Amino acid sequence: MRSSMFSRRRVRAGAAITAAALCGTLLAACGGEQDDASGADGKPVTLTFWGWAKGTREVVADFNASHPDIRIKFEEIPSGNAGGYAKIANAVKAGNAPDVFNIEYPQLPDFVSQGAVQDISGLVDDSLRGTYLPQASELTSLGGRTWALPLDIAPQAFFYRKDLFRKADITVPRTWEEFRKAAEKLKAAQPKTRIATFFPDDPSTFEAMAWQNGARWFTAEDDAWKVDLTAPETGKAADYWQKLIDDDLVQVQPSFSQQWTASLQKGETAGYLGASWGGGVLKANLGSAPGMDGNWAVAPMPTWNGEPASGMLGGTTFAVSKDSKKAEAAIEFATWATTTPEGMKARIDSGTSSSYPAATALLPVAKKAFDTAFYGGQDIYGVYAEAAKSIKPGWTWGPAMGVTNGSLKDSFGKVAGRTGTIGDALTTAQQATLDEFENRGLKVAP
């Protein structure tokens, strides 16, 4: 299956942040303990674990059943952008954080810079590191140290209703120009239906669009950071989406909300611009609704020139909190969850997860375990694999994404209310990010 993967040469998602930029200026984040509660009293080591990824509860149950020496106490928390990260950050500050928690790639540098996670380099040898796709390892290796274990990667994909497209005589768009024409044609044929949704509460979807177009919001240069949220590559995506919104060609609804789900169920939204994990989300949310089974399909994300290109939308890791004394047991659990057929099968068998595994050997396991009847039997993992090969190189996540995304989310609310623009939101977020860098004592390159 390795031939279907994208190569190290083609994708470097920017995690090779210089040690000076990360550890010399980002507080005191480069310590980290690696003690472990060994269970020497004969009792199993008990780990607390917080997460929200689909299929996690099943993974924990299977791990507990097969590992008598380690007991996982799992608490499902809201997704990161819906309050999960705030909950974790508050727990870290209060000194009662879980031993291990899920965190997406974009937020990992922020948690590292705040000293919230442990340096686990001493517990991750070359053999384990080599199990994962190189770019996944790079996204979790900051400043020459390892801070988390990767679960999945998340190339972009376009999910669409085959029946609604046929009814409007629309072919699947390959370019963004074709996507707009398809949106116009769909609205004309079915006035209440829109081709996709702009999520004002979730900046990560727009960030993936900018990434796909070759934008680079953050660049580490020696001991300084360059910040650029308003370059032409981002501006092109912003102008495009602003025009779709202004012309009422897309829905503007909160991500994964009841409003959004109802719109899909009623056929008022005919597509979803998401990522590999979105296949499970749609199936879980819509699988029991009439007329859905077999009518959805997955296509490559439209691109500007018709050539394959993708950003990455999310992607999850396992990190060990700074105060945990059970890092060794936490890594044993995270390793099992991310690298074993049993761990991946438990997640995908839940029927709610379509994760694209960061561990290359597990792709056949995921593909076999995910029931694609909802997608008419389509080989959706084949689409994901091709998208993964086209992820644009050069993207780096900044060390204050909580502030960056918080500002974007606030301003995107004005976009939804037609009192602001995406361009305005990017300008505001750039300034908010620079202000936060100054507050943290981070050097900014001119």
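Throughout, residues of each chain are indexed from 1 in the direction in which the sequence is written. Local features in this predicted model are restricted to residues of pLDDT 70 or higher, and side-chain atom pairs are both shown and tallied only at a pLDDT of 80 or more, whereas totals for entire chains, interfaces and linings draw on every residue. Excluded from the side-chain calculation are hydrogens and water; included are all heavy atoms of the structure.

Here we look at the overall build of the chain
- A tally of helices and strands in the chain yields 18 helices and 16 strands.
- The size measure is the radius of gyration over C-alpha atoms, and the globule rule it meets is 2.2 Å times the number of residues to the 0.38 power. Taken over the C-alpha trace, the chain has a radius of gyration of 21 Å; the compact-globule value for 446 residues is 22 Å, and the two agree within 12%.
- On the principal axes, the C-alpha backbone points of the chain span a range of 70 × 50 × 40 Å.
- Note on classification: 1.4 Å probe, protein chains only; a residue is buried when its accessible area is under 20% of the maximum for its type, exposed when over 50%, partly exposed between these limits. For the chain, the residues scored as buried account for 58% of the 446 residues in total.
- Only heavy atoms enter the contact rule, under which two residues are in contact if any of them lie within 4.5 Å. Taking as baseline every contact in the chain between residues at least 6 positions apart, the subset at least 24 positions apart corresponds to 79%. Here a strand is any run of E in DSSP of at least two residues, a helix any run of H or I of at least four, and the numbering for each starts at the N terminus.

Some thoughts on helix H12 (residues 278-286)
- Extensive coverage of H12 is indicated by the burial of seven of its nine residues.
- Of all the residues in H12, the buried ones are Gly278, Gly279, Gly280, Val281, Leu282, Lys283 and Leu286.
- On its buried face, H12 is in contact with strand E8 (156-161), helix H11 (258-265), strand E13 (271-275), strand E14 (296-299) and helix H16 (380-389).

Here's the deal with the side chain of Thr340
- If you trace the backbone, Thr340 turns up in the loop between helix H13 (327-339) and helix H14 (341-349).
- Polar contacts, as used here, are pairs of N or O atoms within 3.5 Å; protein pairs need one atom able to donate a hydrogen and one able to accept it. Residues neighboring in sequence count only if both atoms are side-chain atoms. Polar side-chain contacts of Thr340 include one of 3.0 Å to the backbone nitrogen of Gly343.
- Aside from chain neighbours lying at most four places away, what touches Thr340 is Thr335 and Leu362.

Considerations on the nonpolar core
- Residues enter a nonpolar core if they are buried and are Ala, Val, Leu, Ile, Met, Phe, Trp, Tyr or Cys, with the set joined through side-chain atoms within 4.5 Å. Counting residues in each nonpolar core, the largest one holds 120 residues, and the members touching the most others are Ile195, Trp217, Trp241, Leu282, Phe333 and Ile422.
- When near neighbours in sequence (up to four residues on either side) are disregarded, Trp217 contacts Phe206, Glu207, Ala210, Lys226, Val227, Asp228, Leu229, Thr234, Trp395, Leu408 and Leu426.
- Of all hydrophobic cores here, the second largest spans 18 residues; its members include Leu108, Val117, Leu142 and Trp147.

Topic: the sheet that holds strand E6 (residues 149-150)
- The pairing criterion is simple: DSSP has to find at least two bridges between the two strands. Reading across the sheet, the five strands line up as E2-E1-E3-E15-E6 and stay open at both edges, with mixed pairing between neighbours. A single partner strand is all that each edge strand has here, and the edge strands are strand E2 (70-76) and E6.
- Here strand E1 (residues 45-51) runs beside E2; their pairing, made up of seven bridges, is parallel. Within E2, the position partnered with Val45 by the bridge is Ile70.
- Contacts from helix H3 (residues 84-94) reach E1, E2 and strand E3 (100-104) within the one sheet, and its direction differs from that of E3 by about 135 degrees. Fitted lines through C-alpha atoms serve as axes, helices being fitted only where they are in contact, and the angles separating the N-to-C directions of these axes extend from 0 to 180 degrees.

Here we look at the pairing of strand E15 (residues 316-320)
- Taking burial as the measure, the five residues of E15 include five buried ones, the bulk of the element.
- The alternating pattern of E15 places Thr316, Phe318 and Val320 and Thr317 and Ala319 on opposite faces, both of which are buried.
- In this sheet, E15 lies alongside E3 in antiparallel orientation, the contact comprising five bridges. Within E15, the position partnered with Val100 by the bridge is Val320.
- Where E6 and E15 come together, two bridges link them in antiparallel fashion. Pairing of Pro150 across the sheet is with Thr317, part of E15.

Comments concerning the packing of H13 against H14
- In contact at an axis separation of 5 Å, H13 and H14 are set at 70 degrees when each is read in the N-to-C sense. Relative to H14, H13 is oriented roughly perpendicular. Along its contact with H13, which presents Trp336, Ala337 and Thr339, the element H14 presents Pro341, Glu342, Gly343 and Met344.
- In the scheme used here, Gly and all other residues not listed as nonpolar or charged are polar, with Ala, Val, Leu, Ile, Met, Phe, Trp, Tyr, Cys and Pro taken as nonpolar and Asp, Glu, Lys and Arg as charged. Per-class residue counts for the contact of H13 with H14 are four nonpolar, two polar and one charged. Orientation labels follow simple angle bins: below 35 degrees gives roughly parallel, above 145 gives roughly antiparallel, 65 to 115 gives roughly perpendicular, and whatever is left gives oblique.

Brief notes about the packing of helix H2 (residues 56-66) against H13
- In contact at an axis separation of 11 Å, H2 and H13 are set at 120 degrees when each is read in the N-to-C sense. If you check the angle between H2 and H13, you find them oblique. Here the hand of the crossing between H2 and H13 comes out right-handed. Of the residues in H13, those touching H2 at Val59, Val60, Asp62, Phe63 and Ser66 are Glu332, Phe333, Trp336 and Ala337.
- Class assignment of the residues belonging to the contact of H2 with H13 gives a composition of six nonpolar, one polar and two charged. Helix crossings are classified by the rotation of the near helix relative to the far one: an anticlockwise turn of less than a right angle makes the crossing left-handed, while a clockwise turn makes it right-handed.

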